[in-house]
Amino acid sequence: MQEPELLAYRPEARAFKIEDLMLEITLGRLRIPTFQRRLAWDRSDARKLVDSLYRGYPVGTLLFWQTSAPADQWRWGALEIRADERQDAWLVVDGQQRLVSLARVLLTSDTQSEDFALYFDLDSSEFVFPPSQGAVEEDASRWLPLNRVLDSEKLFEWLYEKEPSKERRERALQLGKRLREYDIPAYIVRSESEGTLREIFGRLNSMGKRLEASEVFDALNGARNGQRPSTLSQMALELMQSTNFGRLDDDILYRLLRVLHGVDVIQSGRDDPLRLDGALAESLYTQTEHAVRLAMDFISRDAGIPHYLLLPYKQPLVTLGKFFHFHPEPKPRSRELLVRWIWRGALTGAHRGDSVSTRTALDHVVAGDEEGSVQRMLAMVGRTEPSLPQVQDRFHFRYAASKLQALALLDLAPRDLESGEVLDIASLLNYREEKKDPPYPTIIKSTADMLPLLLTGANRIAHPNRPGLRKAVEEADMAILASHGIQEPALRALQRDDLAEFLRQRARHLQTRFAEVFARQARWQDSDRPSIGALVIADES
């Protein structure tokens, strides 16, 4: 292994005031490199950070790499930054989460659409999430938006507009001064070698809170030359944007990449992260993206699982990725049998993905032996029909059984309760990215009695979550309700407010429909023979 190089110049140690750091961000000098991970903090983390600054607590050290950077633009939440080409840019090696969070809190002009928007309660001296419009209208001078404190002129404008009391005014001025003038220590490293910075990044990750293995891999191997996909995180984002399958976990992509590289699918905690030369890393990123696209297309089109969140278990995506890497255009019979494999493994729990079963499943996939690979995969999940998911079990999207029920509800081709159009549930499952309510809402929102089936699939519907959903069910046409597994006896019970009977009637009907869907997809009793061509070849040999 090549020894890391010595730095020609010692890192420059400096202290930056918060207002100076935010100015460097707006000027485009301070940037996040492509090998950094995506933002992992939420607004609660941002609130703790700002509170620490206000109280004068230490918040850690920053590490910057001084280098050239092209013109660029990027968006963090509601904040958009444009930067010109610079020869003296500072790329953030350590401190991304803190700096991006502060920028979103202090620099954004739109507190309505910015998730990280914070206010300072001038009575309790606490940092709070945006108060209700009614609270602001009732006492406007109490709630100071933090995007007004970094610039003293903006702060004075706010004080002039709101005319707070003397005590509130003094607290506001103290807050602005303490935040603007807080000093954060930082090191600036000057080196021509990107590899040296990646080495520093990897060593920083070994101290304190560890990154995920996929994040370390991206940090050590991701491309800076604009080649796409350049990181696993970027790959996941571009796959989400170009398909309707949702955002894959970076770790799943990293596992597939390791498999295609020929190393163990699971990185041991004792193993060093992969360090690859540029050409090999670029090739593996490309191969991983191509293989996973084929696997996603198969899962969605052939297996009837239209979104990543609906996969009962995620590990089969890695196995299918390896299969499609070796066999990008499998025979129709192989595709048919692979549908049985994915559904049987989901229903039996064989796809749970412990270390032993994961490695065994991957070992069954062999280059040059398409149909033999499929037969070995099928043998592993078995032919014994398991106990099926029960509608009366609690419904929660974390459970594989609930995801199977959600898929069975989709098989009914659910229609919009008002327009009657067939719903695109896969699009609705991107609710996190689009900041919407999740689909599969409850029909009965609340009741004085805790009914036995209230928390089960009998009370769930594959439909956008809208106000007045129960009323829409009660008024919908029976043909539309049939696409949601609601028959007339259940509807009549709901209309007369017999909620327990409604849930019983629907649970009974759904259990029968679910069993039909699972049997059709798994084909427990059908022959799993390979294609006729494979049988003829085997007989002749």
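Quick look at the structure, then. Remember, predicted model here, so these are calculated numbers, not experimental data.

This brings us to the overall build of the protein. The helix and strand inventory of the protein stands at 23 helices and 10 strands. Counting across all 541 residues of the protein, residues that qualify as buried make up 50%. When contacts within the protein are restricted to residue pairs at least 6 apart in sequence, long-range pairs at least 24 apart make up 72% of them. Accessible area of the protein: about 26,300 Å², with a carbon and sulfur share of 47%.

Our next topic: the packing of aromatic side chains. Evaluated as defined, the whole model comprises 15 aromatic pairs. Their ring planes at 55 degrees and their centres at 6.4 Å tell us that Phe-245 and Tyr-308 sit as a pair that is tilted. One end of the pair, Phe-245, is in the loop between helix H9 (232-242) and helix H10 (250-261); the other, Tyr-308, is in the loop between helix H11 (278-301) and helix H12 (316-326), and 63 residues separate them in sequence. Centre to centre, the rings of Phe-397 and Tyr-440 are 5.7 Å apart; their planes meet at 40 degrees, and the pair counts as tilted. With Phe-397 in the loop between helix H15 (370-381) and helix H16 (400-410) and Tyr-440 in the loop between helix H18 (431-434) and helix H19 (469-475), this pair connects stretches of sequence that are 43 residues apart. For Phe-397, a relative accessible area of 22% translates into the label partly exposed. On the basis of relative accessibility, which here comes to 2%, the residue Tyr-440 falls in the buried class. The rings of Phe-16, Phe-64 and Trp-90 are connected pair by pair, giving a single aromatic cluster. Here the basic side chain of Lys-314 rests over the ring of Tyr-308, its NZ or CZ set 5.0 Å away from the ring centre.

Another point: the pairing of strand S6 (residues 86-94). Across two bridges, the pairing between strand S2 (residues 30-31) and S6 is parallel. Note that in S6 the partner of Leu-30 across the bridge is Trp-90. Sheet topology note: the strand S3 (residues 62-69)/S6 ladder contains six bridges and is antiparallel. If you follow Thr-67 over to S6, its bridge partner there is Ala-89.

Let's shift gears to helix H13 (residues 332-348). Taking 1.5 Å per residue as the helical rise, H13 with its 17 residues ought to reach 24 Å, and the 25 Å between its terminal C-alpha atoms agrees with that figure. In terms of burial, H13 is largely enclosed, as 14 of its 17 residues are buried. Just downstream of H13, Gly-349 is the residue with a positive phi angle, here 85 degrees.

In this section: the sheet that holds S3. Strand pairing in a sheet relies on backbone hydrogen bonds, with the paired strands running either antiparallel or parallel. The mixed open sheet is built from five strands, whose spatial order is S1-S10-S3-S6-S2. Each edge of the sheet is formed by a strand with only one pairing partner; in this case those strands are strand S1 (12-17) and S2. In terms of strand pairing, S3 meets strand S10 (residues 183-190) through five bridges, oriented parallel. Within S10, the residue paired with Trp-65 across the bridge is Val-189. Those strands touched by helix H1 (residues 18-26) are S1, S2, S3, S6 and S10, and its axis lies near 100 degrees from that of S1.

It is worth spelling out the sheet that holds strand S7 (residues 119-121) at this point. Ordered in space as S8-S7-S9, the three strands form an open sheet in which the pairing is antiparallel. Two strands lie at the open edges of the sheet, namely strand S8 (126-128) and strand S9 (143-145), each paired on one side alone. The average angle at which neighbouring strand axes cross in this sheet is 35 degrees, direction not considered. Across three bridges, S7 lies against S9 in antiparallel orientation. Counted as the bridge partner of Asp-121 is Trp-143 from S9. Seen against the sheet, helix H2 (residues 43-55) touches S7 and S8 and runs at an angle of roughly 155 degrees to S8.

On to the side chain of Gln-511. As for its position among the elements, Gln-511 is in helix H22 (residues 499-522). With near-sequence residues (within four places) excluded, Gln-511 lies in contact with Pro-389, Gln-390, Val-391 and Gln-392.

Below, the discussion takes up the environment of Thr-442. With respect to the helices and strands, Thr-442 occurs in the loop between H18 and H19. Using a relative accessible area of 21% as the deciding quantity, one classes Thr-442 as partly exposed. The sequence separation of Thr-442 and Ala-462 amounts to 20 residues, and the corresponding C-alpha distance is 9.4 Å. Setting aside chain neighbours within four positions, we find Thr-442 in contact with Asn-459, Arg-460 and Leu-469.

Applying the stated rule across the entire model yields 37 salt bridges. Here Glu-80 makes a salt bridge to Arg-82, at a shortest N to O gap of 3.4 Å. Under the relative-accessibility criterion, Glu-80 is labelled partly exposed at 35%. Here Glu-336 and Arg-333 are joined by a salt bridge, their closest N and O atoms 3.1 Å apart. In this pair, Glu-336 and Arg-333 are both assigned in helix H13, three residues apart and thus about one turn of the helix distant. Take Arg-333: its relative accessible area is 13%, and that puts it in the buried class. Three or more residues joined by partner-sharing salt bridges are found here, namely Arg-333, Glu-336, Arg-340, Arg-344, Arg-383 and Asp-528.

How each quantity is defined
Residues numbered from 1 in each chain as written. Predicted model: local features only at pLDDT ≥ 70, side-chain atom pairs only at ≥ 80, totals over all residues. Heavy atoms only, no water. Helix = DSSP H or I, 4+ residues; strand = E, 2+ residues; numbered from the N terminus. Buried < 20%, exposed > 50% of the residue type's maximum accessible area, 1.4 Å probe, protein only. Contact = heavy atoms within 4.5 Å. Areas by Shrake-Rupley, 256 points an atom, 1.4 Å probe, with all protein chains shown as cover. Phe/Tyr/Trp six-rings, centres within 6.5 Å; stacked < 30°, edge-to-face > 60°. Lys NZ or Arg CZ within 6 Å of the ring centre and 35° of its normal. Pairing = 2+ DSSP bridges. Expected span 1.5 Å × (residues − 1). Axes fitted to C-alpha atoms, helices over the stretch in contact; angles between N-to-C directions. Salt bridge = Lys/Arg side-chain N within 4 Å of Asp/Glu carboxyl O.

Everything listed here is a matter of coordinates, which is why it stays silent on function.
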